[in-house]
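Secondary and tertiary structure notes
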Amino acid sequence: MTISSPPLPERIEGPDGLVIRRWLNADIPAMAELITSSLEHLRPWMAWADREPLSDDRRRRMFRRWDAYWAAGRGAVYGVLLDGQLIGGCALHRRVGPGGLDIGYWLGRDHVGRGHATRICRALTATAFALDDVTFLEISHEATNESSAAVARRLGFDLVAERSTAEVTTWRLDKR
Ligand SMILES: CC(C)(COP(=O)(O)OP(=O)(O)OC[C@H]1O[C@@H](n2cnc3c(N)ncnc32)[C@H](O)[C@@H]1OP(=O)(O)O)[C@@H](O)C(=O)NCCC(=O)NCCS
C-alpha cells in the first residue's frame, strides 16, 4: 500500500559526524565505488545489488525517480556520510499503512561493526516520530539476516509475530 503525504525531511543530522541526506548527482562516483567494493556483502540481502554495478547514466535516472518519489511524499532514499565520507544508504517508505513508515538501511563492507547502522536508524526513528502524521515504524528483513535483526532489537523494536514468516521478519515500534 502506498500513501501520499508531505515530503519527508531532505537532510537529517545524526550524532558523531553522521549526515543522512538525499542523494546528489555528485555522489555517483563515491556511490559506485562503495557499492561495487561491497557487492558480496550486499547481494545476499539487498535485491537491488543484483543489478549493480549500474552505469552513471542509469544511476542519474534512478536519482531522478527517487526525486519524484520524494516530491510525491511517498518516501525518501538517502545517502549516509560520516565526516563527509559516504558509508552507506538508508530509506523511509510510506508503504506499511496509514501512519506508518518502513525503514531500510545498508552499510559499505568496511563500515560494519561500529554501531553506525544503529545510530542511523535511531536518527531516522527520532526524525520520523517528530512528524505529526507518523505513529509507527517498521523494519522488515530476510529471516536469516541476523545483523539487521540486531539493529531492530537494539532500538527497541518489537517482533511482529503475525507479520513474520519463515522468509521475512518484521519489527514494529509505536510512537509513545
Ligand atoms: C544490516 C547492517 C547495516 C548492520 O550493520 P552492523 O554493522 O551489524 O550494525 P551497526 O552498524 O549498528 O553495528 C553493530 C555492531 O557494532 C558494534 N558496536 C560498536 N559500537 C556500537 C555502538 N555504539 N552502538 C551499537 N553497536 C556498536 C556492535 O556490538 C555490533 O557488533 P557485532 O556485529 O559484532 O555484534 C549491515 O550488516 C549491512 O549493511 N548488511 C547488508 C545490507 C542489509 O542486510 N541491510 C538490511 C536489510 S533490511
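Residues numbered from 1 in each chain as written. Predicted model: local features only at pLDDT ≥ 70, side-chain atom pairs only at ≥ 80, totals over all residues. Heavy atoms only, no water.

**Focus on the pairing of strand β8 (residues 168-174)**
Rules: Two strands qualify as a pair provided that DSSP identifies no fewer than 2 bridges between them. Strands here are runs of E lasting at least two residues and helices are runs of H or I lasting at least four, both read from the DSSP assignment and numbered beginning at the N terminus.
Across seven bridges, the pairing between strand β6 (residues 136-142) and β8 is antiparallel. Opposite isoleucine 139, over in β8, you have tryptophan 171 as the bridge partner. When strand β7 (residues 158-159) meets β8, the two strands line up antiparallel, connected through two bridges. If you follow aspartate 158 over to β8, its bridge partner there is arginine 172.

**So, the state of the cysteines**
Note the threshold: The criterion for a disulfide is a pair of cysteine sulfur atoms lying within 2.5 Å.
This structure, assessed with the given rule, holds zero disulfides. In this model cysteine 121 remains outside any disulfide bridge; the closest cysteine sulfur is found in cysteine 90, 7.2 Å from its own.

**A word on the nonpolar core**
Note the cut-off: Grouping buried Ala, Val, Leu, Ile, Met, Phe, Trp, Tyr and Cys residues that are joined through side-chain atoms within 4.5 Å yields what is termed a nonpolar core. Burial here depends on accessible area, computed with a 1.4 Å probe over protein chains only, as a share of the maximum for the residue type. Under 20% is buried, over 50% is exposed, and the range in between is partly exposed.
One finds Ile20, Tyr78, Ile103, Leu124 and Phe157 to be the most contacted residues of the largest nonpolar core, which totals 33 residues. Among the secondary structure elements, those contributing two or more residues to this core are β2 (18-22), β3 (75-82), β4 (85-93), β5 (100-107), α4 (116-129), β6, α5 (146-154) and β8. For this core, the leading source of residues is α4, giving seven residues. Counting 17 residues, the second-largest nonpolar core is a separate cluster that includes Trp23, Leu39, Met62 and Val77.

**Quick look at the side chain of arginine 59**
Let me state the cut-off plainly: Definition of a polar contact: a pair of N or O atoms within 3.5 Å, with one able to donate and the other able to accept a hydrogen when the atoms are protein atoms, and with sequence-neighbouring residues admitted only if both atoms are side-chain atoms.
Mapped onto the elements of the fold, arginine 59 is located in helix α3 (residues 56-71). A polar side-chain atom of arginine 59 sits 3.4 Å from the main-chain carbonyl oxygen of leucine 54.

**Comments concerning the packing of aromatic side chains**
So the rule is basically this: Between the rings of Phe, Tyr and Trp (Trp by its six-membered ring), a pair exists once the centres lie within 6.5 Å; its type follows the angle of the planes, with under 30 degrees stacked, over 60 edge-to-face, and the other angles tilted.
Across all of its chains, the model carries three aromatic pairs by this definition. Measuring from centroid to centroid gives 5.8 Å for tryptophan 23 and phenylalanine 63, while their planes differ by 20°, and the two rings are stacked. With a gap of 40 residues between them, tryptophan 23 in the loop between β2 and α1 (28-36) and phenylalanine 63 in helix α3 connect regions that are remote in the sequence. No difference in accessibility class separates tryptophan 23 from phenylalanine 63, as the two residues are buried.

**Structural notes on unusual backbone geometry**
Here the bond from glutamate 52 into proline 53 is cis, since omega is 0°, no more than 30 degrees from zero. Residue position: proline 53 is located in the loop between α2 (39-42) and α3. In the Ramachandran plot, aspartate 16 falls in the positive-phi region, its phi being about 55° despite a non-glycine side chain. Among the structural elements, aspartate 16 can be located in the loop between β1 (11-13) and β2. Given the relative accessible area of 59%, aspartate 16 is considered exposed.

**Describing the site of the ligand**
Rules: A molecule or strand has a residue near it when one of that residue's heavy atoms lies within 4 Å. Throughout, the Shrake-Rupley method with a 1.4 Å probe supplies accessible areas, and for residues the shown protein chains are the sole cover considered. Under this grouping Gly is polar, as are all residues other than the nonpolar Ala, Val, Leu, Ile, Met, Phe, Trp, Tyr, Cys and Pro and the charged Asp, Glu, Lys and Arg.
The immediate surroundings of the ligand are formed by 21 residues, with Tyr105, Gly113, Ala117, Thr118 and Asn145 found nearest. Asparagine 145 places a polar side-chain atom, nitrogen or oxygen, 2.7 Å from an oxygen atom of the ligand. Protein chains bury 69% of the 930 Å² of accessible surface belonging to the ligand in isolation. Classifying every residue of the shell around the ligand by side-chain character gives eight nonpolar, ten polar and three charged.

Nothing here speaks to function; it is geometry throughout.
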